[in-house]
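Report on the structure
Each chain is listed here by its residues.
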Amino acid sequence: MNTQSPKHRCLIADKMHESIVPMLQEIGLQPDYQPSIQREEILGIIENYTGLVIRSKTNVDQALIAKAVNLRFVARAGAGLDQLDEQALNARHIAILNAPEGNRDALAEHNVGMLLTLMHKIHTGNRQIREGTWDREGNRGTELMGKTIGIVGYGNMGQAFAHRLTGFSVKVLAYDKYRQNYGDRFAQQAAMEQLYEESDVLSFHVPLTAETLFFVDDSYLSRFSKNIFLLNTARGKIIKLKTLAEALTIGKVQGAALDVLENEKLNQLSEEQQRYFQELIQSDKVIFTPHVAGWTHESYEKINRVLVDKIKALKLV
Ligand code: 3PG
């Protein structure tokens with residue numbers, strides 16, 4: 001076997017746990033680890049590669065695909081495929097691989113942590129004590145026990161979250177537009193109408209697509225019977241900062257935990273985004289984390305294992 005052959009070369013175009021290099025070598029590929037490579041450089045050399053391994057930095061669009069004449073797979077070290085033109089890749093029969101199995105457990109734990117933080121006001125108590133305030137009544141919490149959790153999107157992330165809710169004595173309803181017979185021992189399959197009717201907490205686990213872009217709008221939120229706690233660890237662009245800020249003002253959303261934002265480049269917010277972002281950061285009803293729900297020491301390596309196993313299964317070598 002000639003692993004030096006250009007047809008087995010694999011460009012790693014983003015920062016990944018270093019284990020990716022020996023793992024790819026082990027399955028007979030020749031990895032080229034270039035975490036700082038920029039788009040123009042990728043366009044210049046991509047014709048030499050069979051594989052492209054990316055995270056969210058690299059847009060795999062038609063321009064790149066046109067130059068990738070020898071490409072057999074794109075491996076996304078993570079879950080989200082929103083940077084990929086899936087249609088164009090499919091048309092060229094280039095395999096698309098991702099690794100949600102590698103970061104779903106991290107995400108699920110993080111989501112539980114955010115939900116408990118929000119409902120038990122851990123964030124405000126923690127901050128106030130540091131400021132010298134000991135306020136017990138102001139930090140009285142709300143119990144998760146007995147509540148109904150609505151999960152929108154029951155793939156890897158939604159399922160892992162439902163699994164972690166075992167033990168909290170909650171009712172878990174899952175809605176997934178693209179799956180059938182998916183109810184399991186962790187969640188009951190439900191129509192969206194039932195989630196509107198019963199949810200106390202709503203957690204999103206959908207990919208970002210043309211269909212989910214800003215799908216959570218005023219009209220969507222107004223359909224819920226109760227005032228809900230909203231969790232978003234999926235993609236920021238499913239809900240505008242404006243929609244969220246306004247829903248918090250009227251009380252339809254009584255608390256929000258956000259790992260992702262409509263615009264995560266905080267120094268590049270539009271005027272409107274800036275205005276509503278300021279409202280949100282001033283509110284104790286909102287907690288934030290910087291897109292780290294799936295980002296643990298463990299998931300950093302697990303993602304590589306999952307991805308390399310999927311690359312191996314392509315049987316290129
Ligand atoms: C994912 O899709 O796996 C997460 O959003 C993390 O993506 P990242 O590779 O940009 O960290």
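Residues numbered from 1 in each chain as written. Predicted model: local features only at pLDDT ≥ 70, side-chain atom pairs only at ≥ 80, totals over all residues. Heavy atoms only, no water.

1. Details of the nonpolar core
- Core analysis: the largest hydrophobic core is formed by 33 residues, its most contacted members being Phe 204, Tyr 220, Leu 221, Leu 244 and Val 253.
- Contributions of two or more residues to this core are made by α8 (192-198), β9 (201-204), α9 (218-222), β10 (228-232), α10 (241-250), β11 (253-258) and α11 (271-281).
- Top contributing element to this core by residue count: α10, with five residues.
- Beyond its immediate chain neighbours, meaning those up to four positions away, Tyr 220 contacts Val 152, Met 192, Tyr 196, Leu 202, Phe 204 and Phe 215.
- Listed in part, the 25 residues of the second largest apolar core include Phe 161, Val 170, Phe 229 and Leu 231. (Core = buried A, V, L, I, M, F, W, Y, C linked by side-chain atoms within 4.5 Å. Buried < 20%, exposed > 50% of the residue type's maximum accessible area, 1.4 Å probe, protein only. Helix = DSSP H or I, 4+ residues; strand = E, 2+ residues; numbered from the N terminus. Contact = heavy atoms within 4.5 Å.)

2. Things to note about empty space enclosed by the protein
- As enumerated under the stated definition, the model contains one cavity of 30 Å³ or more in all.
- Lining the largest cavity, in full, are Asn 232, Gly 236, Ile 239, Lys 240, Leu 241, Leu 244, Leu 258, Val 260, Leu 261 and Glu 262.
- Of the residues assigned to the lining of the largest cavity, the class counts are six nonpolar, two polar and two charged. (1 Å grid on protein atoms, 1.4 Å probe; cavity = no way out; pocket = protein on both sides within 12 Å on 5 of 7 lines; lining within 4 Å. Points joined across faces, edges and corners; volume = space filled by probe spheres on them. Nonpolar A, V, L, I, M, F, W, Y, C, P; charged D, E, K, R; others polar.)

3. Details of the sheet that holds strand β8 (residues 188-189)
- Read from one edge of the open sheet, seven strands run β8-β7-β6-β9-β10-β11-β12, paired in parallel fashion. Lying at the two open borders of the sheet, with one neighbouring strand each, are β8 and β12 (286-288).
- Inspection of the sheet shows strand β6 (residues 148-152) paired to β9 by four bridges, in the parallel sense. Residue Val 152 lies in a different strand from β9, and its bridge partner there is Phe 204.
- Helix α5 (residues 100-119) contacts β6, β9, β10, β11 and β12 of the sheet and is inclined by roughly 140 degrees relative to β11.
- Of the strands in this sheet, β10, β11 and β12 touch α10, which is tilted by about 145 degrees from β11. (Pairing = 2+ DSSP bridges. Axes fitted to C-alpha atoms, helices over the stretch in contact; angles between N-to-C directions.)

4. Some details on the layout of surface pockets
- What the second largest pocket holds in volume is close to 210 Å³.
- Lining the second largest pocket are 14 residues, with Leu 118, Lys 121, Gln 254, Asp 284 and Lys 285 sitting closest to its centre.
- Breaking the lining of the second largest pocket down by element, the ones donating at least two residues are α5, α6 (122-130) and β11.
- Sort the elements by how many residues they give to the lining of the second largest pocket and α6 lands first, with three residues.
- When grouped by side-chain class, the residues that make up the lining of the second largest pocket number three nonpolar, eight polar and three charged.

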